[in-house]
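Structural description and commentary
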Amino acid sequence: MRGEGLRTRMQTCGNISHRVKQNVSNLDDIQRWMEVAFDMASEALENGEVPVGCLMVYRNEVIGKGRNEVNDTKNATRHAEMVAFDQVMEWCRSRDLDLKDVCAQTTLYVTVEPCIMCSAALRLVNIPLIVYGCGNERFGGCGSVLNIASDDDLLTGSSLKCISGYRAEEAVDVLKRFYKQENPNAPKCKVRKA
Ligand SMILES: [Zn+2]
């Protein structure tokens, strides 16, 4: 059932470019890589972080992998995508490869729709394709709040394609489990004065 829905979605995504087709050769790849992303999300949950996990795959090789580390680092920008991207930069540097060339052939697999900040970052480095699980109703940058990812009129970076909905219910479920817990680092609610 899961695979069926995704197949339909991929077929309806009419204007996927040749470059994108090269990146996602088949559904097996999506299943394999998203499995790892979901493991990363579980790891985040176990560590008291917003449960988002992701990986960046270049020519069938994982070159970056991350989970949310905001609470651990006390740095609000350490989203899974940013953690993974730092590894991609290091991977390129150590092999003397051009970052933008590599990114142009890299797919991001992530359990939750990237936020506005991460979507903007992914545009800037020319990542052509994102495969994600559930939407991000609070901060989503691929359509839920703003459409940073595939807006052709934006002047920064290049627009990218998204394949959404893979194991979406499961991704939402993990998020719900997190938000039900008390977040030790959340600011205390201020009493509103009359
Ligand atoms: Zn983000």
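See above for the structure.
Residues numbered from 1 in each chain as written. Predicted model: local features only at pLDDT ≥ 70, side-chain atom pairs only at ≥ 80, totals over all residues. Heavy atoms only, no water.

This part takes up the overall build of the chain. A count of helical and extended segments in the chain gives 8 helices and 5 strands. The long-range fraction of contacts in the chain, counting pairs at least 24 apart against all pairs at least 6 apart in sequence, stands at 61%. Accessible surface computed for the chain: about 11,000 Å², of which carbon and sulfur atoms make up 49%. (Helix = DSSP H or I, 4+ residues; strand = E, 2+ residues; numbered from the N terminus. Contact = heavy atoms within 4.5 Å. Areas by Shrake-Rupley, 256 points an atom, 1.4 Å probe, with all protein chains shown as cover.)

Moving on to the sheet that holds strand E1 (residues 53-58). One open sheet holds the 5 strands; their spatial order is E2-E1-E3-E4-E5, and the pairing between them is mixed. The two strands at the open ends of the sheet, each matched to only one other strand, are strand E2 (61-67) and strand E5 (161-163). Neighbour-to-neighbour, the strand axes of this sheet turn through a mean angle of 20 degrees, independent of strand direction. Bridge count between E1 and strand E3 (residues 106-112): 5 bridges; the pairing is antiparallel. (Pairing = 2+ DSSP bridges. Axes fitted to C-alpha atoms, helices over the stretch in contact; angles between N-to-C directions.)

On to the coordination of the zinc ion, then. Each protein donor to the zinc ion is listed here as His 79 (ND1), Cys 115 (SG) and Cys 118 (SG); together their distances run 2.0 to 2.3 Å. Along the chain, the residues that donate to the zinc ion are spaced as H-x35-C-x2-C. Residue His 79 is found in the loop between helix H4 (70-73) and helix H5 (80-95), and its partner Cys 118 is found in helix H7 (residues 116-124); the two are separated by 39 residues along the sequence. Both residues of the pair, His 79 and Cys 118, count as buried. (Donors = N, O, S within 2.8 Å, 3.2 Å for Na, K, Ca; no water. Buried < 20%, exposed > 50% of the residue type's maximum accessible area, 1.4 Å probe, protein only.)

Moving on: empty space enclosed by the protein. Over the atoms rolls a probe the size of a water molecule, and in doing so it shows where empty space is left. Enumeration over the complete set of coordinates arrives at 1 cavity of 30 Å³ or more. Its boundaries defined by the atoms lining it, the largest cavity holds a volume of some 50 Å³. For the lining of the largest cavity, the elements supplying multiple residues, two or more each, are H5 and H7. The residue inventory of the lining of the largest cavity, partitioned by class, reads 7 nonpolar, no polar and 1 charged. (1 Å grid on protein atoms, 1.4 Å probe; cavity = no way out; pocket = protein on both sides within 12 Å on 5 of 7 lines; lining within 4 Å. Points joined across faces, edges and corners; volume = space filled by probe spheres on them. Nonpolar A, V, L, I, M, F, W, Y, C, P; charged D, E, K, R; others polar.)

A separate point is the nonpolar core. For soluble globular proteins, the rule of thumb is that nonpolar side chains tend to be buried together. Judged by nonpolar contacts, the single largest core of 40 residues is most densely connected at Met 34, Met 56, Tyr 109 and Ile 130. Where this core is concerned, the elements lending two or more residues are helix H3 (27-46), E1, H5, helix H6 (99-103), E3, strand E4 (129-134) and helix H8 (168-180). For Met 34, the residues in contact, after removing those within four places along its chain, are Tyr 109, Val 110, Thr 111, Val 131, Tyr 132, Gly 133 and Tyr 166. (Core = buried A, V, L, I, M, F, W, Y, C linked by side-chain atoms within 4.5 Å.)

Tallied over the full model, the rule gives 2 aromatic pairs. When the ring of Tyr 58 is compared with that of Trp 91, the centres are 5.5 Å apart and the planes differ by 70 degrees; the resulting orientation is edge-to-face. Within this pair, whereas Tyr 58 is found in strand E1, its partner Trp 91 is found in helix H5, the two being separated by 33 residues in sequence. The two residues Tyr 58 and Trp 91 agree in class, both being buried. Ring geometry for Phe 178 and Tyr 179: centres 5.1 Å apart, planes at 80 degrees, overall edge-to-face. Among the residues examined, Tyr 179 registers a relative accessible area of 42% and is labelled partly exposed. Taking the ring centre of Trp 33 as reference, the NZ or CZ of Arg 32 above it sits at 4.3 Å. (Phe/Tyr/Trp six-rings, centres within 6.5 Å; stacked < 30°, edge-to-face > 60°. Lys NZ or Arg CZ within 6 Å of the ring centre and 35° of its normal.)

We now examine H3. The periodicity of an α-helix, 3.6 residues per turn, causes residues three or four places apart in sequence to face the same way. Here H3 contains 20 residues, and its C-alpha end-to-end distance of 29 Å stays within 8% of the 28 Å for a straight helix at 1.5 Å per residue. Regarding H3, the residues found buried are Leu 27, Asp 29, Ile 30, Trp 33, Met 34, Ala 37, Phe 38, Met 40, Ala 41, Ala 44 and Leu 45. Buried residues of H3 fall within an arc of 160 degrees about the axis and therefore sit on the same side. Exposed side of H3, more than 90 degrees from the buried face: Asp 28 and Glu 46 are the residues found there. (Expected span 1.5 Å × (residues − 1). Arc of directions from axis to C-beta.)

This paragraph deals with the pattern of salt bridges. This model, assessed by the stated rule, comprises 6 salt bridges. Close ionic contact of Glu 35 with Arg 167 constitutes a salt bridge, the shortest N to O distance being 3.0 Å. Pair noted here: Glu 35 is in helix H3 and Arg 167 is in the loop between E5 and H8, with a separation of 132 residues, a long-range link. Residue classification places Arg 167 among the buried positions, given a relative accessible area of 10%. Close ionic contact of Asp 86 with Arg 78 constitutes a salt bridge, the shortest N to O distance being 3.0 Å. Residue Asp 86 is classed as partly exposed on the basis of its relative accessible area, which comes to 32%. Since its relative accessible area comes to 18%, Arg 78 is described here as buried. One network of salt bridges, in which partners are shared, links Glu 35, Arg 167 and Glu 170. (Salt bridge = Lys/Arg side-chain N within 4 Å of Asp/Glu carboxyl O.)

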